[in-house]
Amino acid sequence: MRKIAWLVLMTLLASAPVLAQRLSDQTSASAKVHFIENLLQQMTLDEKIGQLRLNCVGVQSPREQLLQEAAASRVGGIFYAVGRADLREFQDAAMGSRLKIPLFFAYDVIHGHRTIFPIGIGLASTWDMDAVTLAGRTAAQEASDDGLDMVFSPMVDITRDPRWGRASEGWGEDAWLSARYTATMVEALQGSNLGVAGNVMASAKHFALYGAAEGGRDYNSADMSLPRMYQDYLPPYRAAVRAGVGAMMLTYIAINGVPATSNTWLIRDLLRKQWRFKGLIISDFNAVADLVSHGVASNGREAAMLAIKAGLNMSMFDTLFRDELPDLVRSGAVSQEEIDDAVREVLGAKYDMGLFADPYLRIGAVSDDPQDIHDESRLHREQARDVARKSLVLLKNQRNVLPLDRTAVIAVVGPLAKSRLDILGNWSAIGSAAQAVSVYDGIANALGAPERLLYARGADVTDDPQVLNFLNAPGANPADVEVDPRSPTSMLQEAVEVARHADVVVAVVGESRGMSYEGASRASLGLPAYQARLIQALKATGKPLVLVLMNGRALSIGKEHDAADAVLETWYSGTEGGNAIADVLFGDYNPSGKLPVTFPRSVGQVPTYYNHLNTNRPYQANDPRAQTSRYFDEEYGPLYPFGFGLSYTQFSVSDITLTRHNLNRGEVLGASVVVKNTGPRAGATVVQLYIRDISASISRPVKELKRYRRIMLQAGEEKTVSFNLSEQDLKFYNAKLEYAAEAGAFSVMIGLDSRDVKEARFELF
Ligand code: NOJ
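So, how was this worked out
Residues numbered from 1 in each chain as written. Predicted model: local features only at pLDDT ≥ 70, side-chain atom pairs only at ≥ 80, totals over all residues. Heavy atoms only, no water. Helix = DSSP H or I, 4+ residues; strand = E, 2+ residues; numbered from the N terminus. Rg over C-alpha atoms; globule rule 2.2 N^0.38 Å. Buried < 20%, exposed > 50% of the residue type's maximum accessible area, 1.4 Å probe, protein only. Contact = heavy atoms within 4.5 Å. Areas by Shrake-Rupley, 256 points an atom, 1.4 Å probe, with all protein chains shown as cover. Lys, Arg positive; Asp, Glu negative; His and termini not counted. Charge placed at Lys NZ, Arg CZ, Asp CG, Glu CD. Phe/Tyr/Trp six-rings, centres within 6.5 Å; stacked < 30°, edge-to-face > 60°. Lys NZ or Arg CZ within 6 Å of the ring centre and 35° of its normal. Salt bridge = Lys/Arg side-chain N within 4 Å of Asp/Glu carboxyl O. Core = buried A, V, L, I, M, F, W, Y, C linked by side-chain atoms within 4.5 Å. Domains from an automatic or database assignment. Near = heavy atom within 4 Å. Polar contact = N/O pair within 3.5 Å; in protein donor to acceptor, adjacent residues only side chain to side chain. Nonpolar A, V, L, I, M, F, W, Y, C, P; charged D, E, K, R; others polar. Pairing = 2+ DSSP bridges. Axes fitted to C-alpha atoms, helices over the stretch in contact; angles between N-to-C directions. Expected span 1.5 Å × (residues − 1). Buried area = accessible area lost by both parts, 1.4 Å probe. Parallel < 35°, antiparallel > 145°, perpendicular 65-115°, else oblique. Left-handed = near helix turned anticlockwise from the far one by under 90°. pLDDT = per-residue confidence, 0-100. Right-handed = clockwise from strand over helix to strand, strands pointing away.

## Re the overall build of the protein chain
Counting its secondary structure elements, the protein chain contains 22 helices and 27 strands. Scaling as 2.2 N^0.38, a compact globule of 765 residues should have a C-alpha radius of gyration of about 27 Å, and the protein chain matches this with 27 Å. For the protein chain, buried positions account for 60% of its 765 residues. Partitioning the contacts of the protein chain with sequence separation of at least 6, the portion at a separation of at least 24 is 78%. With the model as given, the accessible surface of the protein chain reaches about 28500 Å², and the carbon-plus-sulfur share is 51%. Computed over 78 positive and 88 negative side-chain charges, the separation of the two mean positions in the protein chain equals 3 Å.

Structure below.
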């Protein structure tokens, strides 16, 4: 009897913190600290170490084993599992554990969850924070409805090298713009209170500089000066911290020789001390074990020790924390305090996610489970179509071949035209290809006249055996390229024949989604050979030719640009991509997307980005033979500049009016232009303001984006667009890493892309 009473008492005591927390004010920081300290005191070393593990069901951890680990508090979070019923089983197991510490559930929700939105570089082409908010809010709601608490996004790595396959996931090449997108997405995902269903914790990634991996080769390293790092690469991560991001995922790569996972400077000095980041720090997949391949740890034990000492809180996938930390602590190599510090962050994240108040907050009750998790009613098609339309960038439109005439006979050609898988893009969470609208479907829906819609595949995405071998490798995720049994020549002939019977040809070409993905770096940036041949053959028919590009990075497509009458960049535009593309092709929506990256003319120009330094010998347009900083065997400059994108109407931009030419600190300088819609129809555009510090203590970029405004103008309408600048906008990190504005001359430039700008000058005193 006494034993039973004791058991009851112990059970009550064990669950006391949980009950107490339910009653406490979620927003109270001291209540949170008190709750966590109380819980921590009751935990054994093994339970603590369990909290530091983020694991998934797999060969290494079969489902039964993971359930047992959850029941014994030997795992803190689960990823790659999705759906309420599935997650409930894990949470039930955790609720059976001694201290009833809930698990959290995470997933790669990168650009949508069930409803897939455009990939990151596509969202970044909107220059529209409302569109990003809509995509983020929808994804958060859908992820939460599927029981998820955390998403491994946003991906905020600056990319200046399109050879990197993950250029597709981020916001492009500009730090200032990326920082804004990052903050917007974090706020959209997390909402104003993480403790309620419908909001999920964001985990920004990959801290830091993943996009600067040498040569665009994934997993390579970055060596970089501190001023460049602070100025051009770190702002998006910092913006995530300022926006209150709950978690930060470390990059795989080594920064100035030290892998992020064991990089004390990066984690403790920069992220924790300088930026005062208060959230959870997680590793990337297997990254602790990878410290051995990096050559900074001689074995798993050392790897686990380095990572925890550097400040990593939670390790994703590998089991080294579980296997090595207990003995590292017993031997004194790792202190109890180091473990406790990490555990506090994990518990703190769970507290913030509302899981101590209700472990089933997002999983919900069985009675509310959807019958079919893929049910059409769970999609948000309207939102996806709206955002996708905004992400499309019109790169060329000669002789007004677009919008298409609805009475024309249209030939849709190309290996990506009918693909419902590729249009979703990589990292498409649990978006279903069966529910996606291909470009062909979208055109068919809009045309509504099957007799005037012709189709030919024309070519496979690629016929290169080496490339196919990579893309279609067993277990490749996503499994990729469909190979047509017909010969390339017969496919080409069919396409040419079909084109001859049409009034206009729409060729949907580019990369399969696996070509722009993790681990998918390219040494070339052109269209694969057979697709390039297809474009030339279509051009030779003399029919008006519209290219619809589907790809995840900037491509070098000079020849195709020359061959085509119109070029529309569509990235991977998601579930409603085909309808959105048709909206633009037929003129039901006037495109206004702008490139967030520079398109090079050839791969040899890479890295090429708009905010480069001037050098001692800048290119001289009036003397191309001079020895200047350029490639003599390539035309100077990009194929399409950063910020570029056309509309079905035209705009003019007046000269700049400045409110003053001398700016004292504390004062505001106004810069304005008059933008006029000189074309035949209403349209939106993005007015962009750049500055240049003409002479400073270190060489400064020829242009840096500082402001932009999206405006809508009716035909013939004009608007004055005014921007205010102050000392704050002129600051940069100098050689001593001081963030300061230096007195002297500045140039202010305003235009509708980064190349074609008006200029005025002023002086800072
Ligand atoms: C590795 C990737 O680098 C990261 O972005 C992703 O979130 C994790 N795997 C989990 O899938």
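## Looking at the packing of aromatic side chains
Within this structure, the stated rule accounts for 27 aromatic pairs. Ring centres of tryptophan 176 and tyrosine 708 lie 6.2 Å apart, and the angle between their planes is 90°; on these two criteria the pair is classed as edge-to-face. Within this pair, whereas tryptophan 176 is found in helix α8 (residues 175-190), its partner tyrosine 708 is found in strand β22 (residues 704-713), the two being separated by 532 residues in sequence. Residues tryptophan 176 and tyrosine 708 agree in their burial class; the two are buried. An aromatic cluster of at least three residues, connected via ring pairs, comprises Trp127, Trp176, Tyr610, Phe642, Tyr690 and Tyr708. Its end group placed over the ring of tyrosine 609, arginine 160 keeps NZ or CZ at 3.7 Å from the ring centre. A cation sits over an aromatic face here: lysine 418 above tyrosine 455, 4.2 Å from the ring centre.

## Observations regarding the pattern of salt bridges
Scanning the model with the defined rule gives 48 salt bridges in all. Among the ionic pairs, arginine 166 bridges to glutamate 169, the shortest N-O distance being 2.6 Å. Just as arginine 166 is buried, glutamate 169 falls in that class too. Residues joined in a network through salt bridges with shared partners are Arg457, Asp460, Asp484, Arg486 and Glu494.

## Let's talk about the nonpolar core
Counting residues in each nonpolar core, the largest one holds 137 residues, and the members touching the most others are Met150, Phe207, Leu209 and Leu234. The element that contributes the greatest number of residues to this core is α8, accounting for eight residues. Of the residues that make up this core, three or more belong to each of domain 1 (43-368) and domain 3 (651-764). The contacts of leucine 209, once residues within four sequence positions are left out, are Ala222, Met224, Met229, Tyr233, Leu234, Tyr237, Ile253 and Ile255. If you look at the next biggest cluster of nonpolar residues, it comprises 81 residues, including Leu568, Trp571, Leu585 and Leu639.

## With respect to the environment of alanine 303
Among the structural elements, alanine 303 can be located in helix α13 (residues 300-310). For the pair alanine 303 and threonine 44, spaced 259 residues apart in the sequence, the C-alpha separation amounts to 23 Å. Here alanine 303 is in contact with Val288, Leu291, Val292, Ala297 and Leu320, once residues within four sequence places are set aside.

## Describing the site of the ligand
Around the ligand there are 13 residues in total, and Tyr80, Asp108, Arg166, His206 and Asp284 lie nearest to it. In the environment of the ligand, an oxygen atom lies 2.7 Å from a nitrogen or oxygen atom belonging to the side chain of arginine 166. Within the contact set of the ligand, an oxygen atom lies 2.5 Å away from a side-chain nitrogen or oxygen of aspartate 284. Classifying every residue of the shell around the ligand by side-chain character gives seven nonpolar, one polar and five charged.

## What to know about the sheet that holds strand β16 (residues 566-569)
Judged by pairing direction, the sheet is mixed, and its six strands sit side by side in the order β11-β16-β15-β14-β12-β13 without closing on themselves. Since the sheet does not close on itself, it has two edges, and those belong to β11 (393-397) and β13 (453-456), each with one partner. Across the sheet, the axes of successive neighbouring strands diverge by a mean angle of 20°, strand direction being ignored. In this structure, β11 lies alongside β16, joined through four bridges in antiparallel fashion. Paired with valine 393 across the two strands is glutamate 569, which belongs to β16. Where helix α19 (residues 488-500) meets the sheet, its contacts fall on β12 (410-413), β13 and β14 (504-510), and the angle it forms with β13 comes to roughly 165°.

## Observations regarding helix α7 (residues 129-145)
Taking 1.5 Å per residue as the helical rise, α7 with its 17 residues ought to reach 24 Å, and the 24 Å between its terminal C-alpha atoms agrees with that figure. For α7, the complete set of buried residues consists of Met129, Ala131, Val132, Ala135, Gly136, Thr138, Ala139, Ala140, Glu142, Ala143 and Ser144. The elements touched by buried residues of α7 are α6 (120-123), β4 (150-151), α8, α16 (381-391) and β22. A distance of 2.9 Å separates the backbone nitrogen of aspartate 130 from a side-chain oxygen at the start of α7, and that oxygen is part of aspartate 128.

## Concerning the domain arrangement of the protein chain
Per the domain assignment, the segments making up the protein chain are domain 1 (43-368), domain 2 (389-605) and domain 3 (651-764). The centre of domain 1, based on its C-alpha atoms, is set 34 Å off from the matching centre of domain 2. Contact with domain 1, which involves 40 residues of that partner, is made by 37 residues of domain 2. Both faces considered, domain 1 and domain 2 share a buried interface measuring about 2800 Å² in area, 58% of it formed by carbon and sulfur atoms. Looking only at domain 1, the three residues that lose the most surface to domain 2 are Ile116, Pro162 and Arg163, adding up to 20% of its buried area. Counting across the domain 1 and domain 2 interface gives two salt bridges. Here lysine 390 makes a salt bridge to aspartate 128, at a shortest N to O gap of 3.8 Å. Summed over the shared surface of domain 1 and domain 2, the result is 24 residue pairs in polar contact (both at pLDDT 80 or more). Across the side of domain 1 that touches domain 2, the residue classes break down as 19 nonpolar, 11 polar and 10 charged.

## What about the sheet that holds strand β9 (residues 280-282)?
Taken together, eight strands build an open sheet; the order of strands is β9-β6-β5-β4-β3-β2-β1-β10 and the sheet is parallel. Since the sheet does not close on itself, it has two edges, and those belong to β9 and β10 (315-316), each with one partner. Where β4 meets strand β5 (residues 201-207), two bridges bridge the pair, whose relative direction is parallel. Bridge pairing links methionine 150 to methionine 201 in β5. On the sheet, helix α10 (residues 235-242) packs against β5 and β6 (247-250) and is oriented at approximately 160° with respect to β5.

## Overview of the packing of helix α9 (residues 226-233) against helix α11 (residues 264-274)
To describe two helices that pack against each other, one gives the angle between their axes and the distance between the axes. Look at α9 against α11: their axes get within 15 Å of each other, and the N-to-C directions meet at 55°. Judged by the inter-axis angle, α9 sits oblique to α11. In the packing of α9 onto α11, the handedness of the crossing is right-handed. In this structure, α9 uses Leu226, Met229 and Tyr230 to contact α11, whose residues at the interface are Trp265, Leu270 and Gln274. Across the contact of α9 with α11, the residue classes tally to five nonpolar, one polar and no charged.

## A short note on the confidence of the model for the protein chain
Summarising the model, the protein chain shows a mean pLDDT of 95, and 96% of its residues fall at 70 or more. Low pLDDT (under 50) marks residues 1-14, which in the prediction has four contacts with non-local residues, meaning those over four places away or in another chain.

## Points about the pairing of strand β15 (residues 545-550)
When you tally the buried positions in β15, you get six out of six residues, the bulk of the element. Bridge count between β15 and β16: four bridges; the pairing is parallel. For leucine 549, the partnering residue across the bridge sits in β16 and is glutamate 569. Read from β15 through helix α21 (residues 558-563) to β16, the crossover connection turns out right-handed.

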